[in-house]
Amino acid sequence: MTGRIEFDWQLSGSGWATCRIADAVAEAKYVVSYCTDALADLIYGLEGMYRPDPVERVSFDLEPVEIRWVLRGVGAGVDVSIHRFPDMSASFDAPDADGTVSWRSTQPRRRLVHAVVGAVQKVLQEHGEAGYEARWVRFPFPTGALQDLLRLHLLHDECDQPHEP
Ligand SMILES: [Zn+2]
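Keep in mind it's a predicted model, so treat the numbers as computed, not measured. (Residues numbered from 1 in each chain as written. Predicted model: local features only at pLDDT ≥ 70, side-chain atom pairs only at ≥ 80, totals over all residues. Heavy atoms only, no water.)

All right, on to the pattern of salt bridges then. If charged atoms from side chains of opposite charge come close, those side chains can pair. Enumeration according to the criterion identifies 10 salt bridges in this entry. Ionic pairing is found between glutamate 27 and arginine 20, a salt bridge with its closest N-O pair at 2.5 Å. Put simply, arginine 104 and aspartate 79 hold a salt bridge, and the shortest N to O gap is 3.0 Å. Here aspartate 79 lies in strand β6 (residues 77-85) and arginine 104 lies in strand β7 (residues 100-108), a separation of 25 residues in the sequence. Of the residues examined, arginine 104 reaches a relative accessible area of 52% and is grouped as exposed. Put simply, Arg4, Glu6, Arg20 and Glu27 are held in one network by salt bridges that share partners. (Salt bridge = Lys/Arg side-chain N within 4 Å of Asp/Glu carboxyl O. Helix = DSSP H or I, 4+ residues; strand = E, 2+ residues; numbered from the N terminus. Buried < 20%, exposed > 50% of the residue type's maximum accessible area, 1.4 Å probe, protein only.)

The next point concerns the coordination of the zinc ion. For a metal with four tetrahedral donors the ideal donor-metal-donor angle is 109.5 degrees, whereas six octahedral donors ideally subtend 90 or 180 degrees. Protein coordination at the zinc ion comes from His114 (ND1), His153 (NE2), Cys159 (SG) and His163 (NE2), with a distance range of 1.9 to 2.2 Å. For the zinc ion, the four donor atoms in the first shell make angles of 100 to 121° at the metal, so the coordination geometry reads as tetrahedral. Of note, the zinc ion draws all its donor residues from one chain, in the sequence arrangement H-x38-H-x5-C-x3-H. Residue histidine 114 is located in helix α3 (residues 109-136), and its partner histidine 153 is located in helix α4 (residues 143-156); the two are separated by 39 residues in the primary sequence. (Donors = N, O, S within 2.8 Å, 3.2 Å for Na, K, Ca; no water. Tetrahedral: all angles 85-135°; square planar, octahedral: opposite > 155°, others 65-115°.)

Time to look at the sheet that holds strand β1 (residues 5-13). Read across the open sheet, the three strands follow the order β1-β2-β3; overall the sheet is antiparallel. One side of each edge strand has no neighbouring strand; the edge strands of this open sheet are β1 and β3 (27-33). Taken pair by pair, the neighbouring strands of this sheet meet at an average axis angle of 15°, ignoring direction. Here β1 runs beside strand β2 (residues 16-23); their pairing, made up of eight bridges, is antiparallel. (Pairing = 2+ DSSP bridges. Axes fitted to C-alpha atoms, helices over the stretch in contact; angles between N-to-C directions.)

Take the packing of aromatic side chains next. Two aromatic rings are characterised by how far apart their centres lie and by the angle between their planes. This model, assessed by the stated rule, comprises six aromatic pairs. Members of the aromatic cluster, connected to one another through ring pairs, are Phe7, Trp9, Phe60, Trp69 and Trp136. Geometry around tyrosine 34 places arginine 138 over its ring, the cationic atom sitting 5.7 Å from the centre. (Phe/Tyr/Trp six-rings, centres within 6.5 Å; stacked < 30°, edge-to-face > 60°. Lys NZ or Arg CZ within 6 Å of the ring centre and 35° of its normal.)

Residues spaced three or four apart along an α-helix face the same direction, because each turn holds 3.6 residues. Its 28 residues give α3 an end-to-end C-alpha distance of only 27 Å, which falls more than 12% under 40 Å, the value for a rise of 1.5 Å per residue. In α3, a bend of some 90° at glycine 128 exceeds every other bend along the element. Two residues or fewer past α3, valine 137 is found with a positive phi of approximately 70°. (Expected span 1.5 Å × (residues − 1). Bend = angle between axes of the 7 residues up to and from the residue.)

Generally speaking, soluble globular proteins have nonpolar side chains that are buried together. Judged by nonpolar contacts, the single largest core of 45 residues is most densely connected at Phe7, Trp9, Val32, Phe60, Trp69 and Trp136. Considering each element in turn, this core owes the most residues, 10 residues, to α3. Those residues in contact with tryptophan 136 that lie beyond four places of it in its chain are Trp9, Leu11, Gly15, Trp16, Ala17, Val32, Ser33, Tyr34, Thr36, Asp37 and Ala38. (Core = buried A, V, L, I, M, F, W, Y, C linked by side-chain atoms within 4.5 Å. Contact = heavy atoms within 4.5 Å.)

What follows is the structure, given as structure tokens:
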């Protein structure tokens, strides 16, 4: 497992967001559309990492590219593989292996979830719920999902970093 993980979510325009993830080795950036509730889906996927035998898939629509997150719990870590498919309408049922691996890293769950929770809290601080919905348009800010993920993180991850709202 590498020692660094960064995650960032920027609302970049009406119905678009820029998602950035990086570890010590590589960085990936995706411009994600509001065709799906991408940020909420990713949070739900991470919540799945607290269940037994965790495997979750989350797709982002980049119109037309599909970015598919495959999250697998491995011991105290999460293996993140991000697969890229050229056309989401064609790859909906395609196996992961048909995509090209765009970014991959295994991280301690504690660090990965901490990074995502912090980034989502930052989005809320910057825009507020109303501002988020005005920019993301089709879906409200995922308040309940964020609270659930933070609760799981605090309960199970023994995180010693601060969690400022
Ligand atoms: Zn934490």
